[in-house]
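Given next are the chains, with one letter for each unit.
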Amino acid sequence: MATLTAQDINVIGKVDLVMTTLAAADDFTFNSIKNEWLLLENTTASPVTVSMLGADTPATVVCDGIGTVTVVAETVEVPANANVMYKLNSIGTKLKGVTALTGGVGVEAALLSA
């Protein structure tokens, strides 16, 4: 199990990213004060679906005009031999506390922060 550490990309010039190979279960902590992205690189011949959900995420949330909605893990499909960059601030409600990453065995990942 690996813990992704946020890498500051709010710099002038080149940034050397450190990629982490995901296992069956990995994690990271989302910082809602920053602009954060999850970079996923799949070098396999098959698509991979990565799921993420924070340990302190509420089971339900109330949405204006809709009512109470059950919160489920966010899934991201990374196509075969492709990269995906996912803006985490757009799903911050799902990333409370330590966020578990599952299903991404073999995918290279980096947590980027600006």
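Cut-offs and rules
Residues numbered from 1 in each chain as written. Predicted model: local features only at pLDDT ≥ 70, side-chain atom pairs only at ≥ 80, totals over all residues. Heavy atoms only, no water. Pairing = 2+ DSSP bridges. Helix = DSSP H or I, 4+ residues; strand = E, 2+ residues; numbered from the N terminus. Axes fitted to C-alpha atoms, helices over the stretch in contact; angles between N-to-C directions. Salt bridge = Lys/Arg side-chain N within 4 Å of Asp/Glu carboxyl O. Buried < 20%, exposed > 50% of the residue type's maximum accessible area, 1.4 Å probe, protein only. Contact = heavy atoms within 4.5 Å. Core = buried A, V, L, I, M, F, W, Y, C linked by side-chain atoms within 4.5 Å.

S.K.: Just checking my understanding: could you explain the sheet that holds strand 8 (residues 74-78) for this structure?
M.R.: Each strand in a sheet pairs with another by means of backbone hydrogen bonds, the pair being arranged parallel or else antiparallel. Across the sheet, which stays open at both edges, the four strands sit in the order 3-10-5-8 with antiparallel pairing between neighbours. Edge positions in the sheet fall to strand 3 (25-29) and strand 8, since each has one partner strand and no second. Along the sheet, successive strands turn relative to each other by an average axial angle of 25 degrees, direction set aside. Alignment of strand 5 (residues 48-54) against strand 10 (residues 98-102), held across four bridges, turns out to be antiparallel. Across the sheet, Leu53 pairs through a bridge with Ala100, a residue of strand 10.

S.K.: Help me understand the pairing of strand 6 (residues 60-63) in this model?
M.R.: As a general feature of sheets, a regular strand has side chains that alternate between the two faces. As defined by bridge partners, strand 6 adjoins strand 7 (residues 67-70) across four bridges and the pair is classed as antiparallel. Looking at strand 7, one finds that Thr60 is bridged to Thr70.

S.K.: Would you mind going over the pattern of salt bridges with me for this structure?
M.R.: Side chains that carry opposite charge are capable of pairing whenever their charged atoms lie near each other. Per the counting criterion, the structure on display carries two salt bridges. A salt bridge links Lys14 to Asp16, with the shortest nitrogen-to-oxygen separation between them at 3.3 Å. There is no split in this pair, since Lys14 and Asp16 are both exposed. For Glu74, the salt bridge identified is with Lys94, shortest N-O distance 2.7 Å. Highlighted residues: Glu74 in strand 8 and Lys94 in the loop between strand 9 (82-87) and strand 10, separated in sequence by 20 residues.

S.K.: Whenever I open this one, unusual backbone geometry confuses me. Can you help?
M.R.: What is expected of a backbone is that most residues other than glycine have negative phi and most peptide bonds are trans. Residues other than glycine seldom take positive phi values, yet Asn81 does so here, at roughly 50 degrees. As for its position among the elements, Asn81 is in the loop between strand 8 and strand 9. Judged by its relative accessible area of 56%, Asn81 falls in the exposed class.

S.K.: Is there a simple way to explain the environment of Phe30 in this structure?
M.R.: Looking at the element boundaries, Phe30 is found in the loop between strand 3 and strand 4 (36-42). If we skip the residues at most four places from it in the chain, Phe30 touches Glu36, Leu88, Asn89, Gly92 and Leu95.

S.K.: What am I meant to see in the environment of Met19 here?
M.R.: Turning to its location among the elements, Met19 is positioned in the loop between strand 1 (7-8) and strand 2 (20-21). Expressed as a C-alpha distance, the spacing of Met19 and Val107, which sit 88 residues apart in the sequence, is 9.5 Å. Apart from the residues within four sequence positions on either side, Met19 is in contact with Leu39, Glu41, Glu108, Ala109 and Ala110.

S.K.: I tried to follow the nonpolar core on my own but got confused; where do I start?
M.R.: The nonpolar side chains of soluble globular proteins are, as a tendency, buried together. Counting residues in hydrophobic clusters, the biggest one holds 20 residues, and the most contacted among them are Phe28, Leu40, Met52, Leu88 and Leu101. Those elements that provide at least two residues to this core are strand 4, strand 5, strand 8, strand 9 and strand 11 (108-113). The element that contributes the greatest number of residues to this core is strand 5, accounting for three residues. The residues touching Leu88, leaving out its near neighbours within four places in the chain, are Phe28, Phe30, Glu36, Trp37, Leu38, Met52, Leu95 and Leu111.

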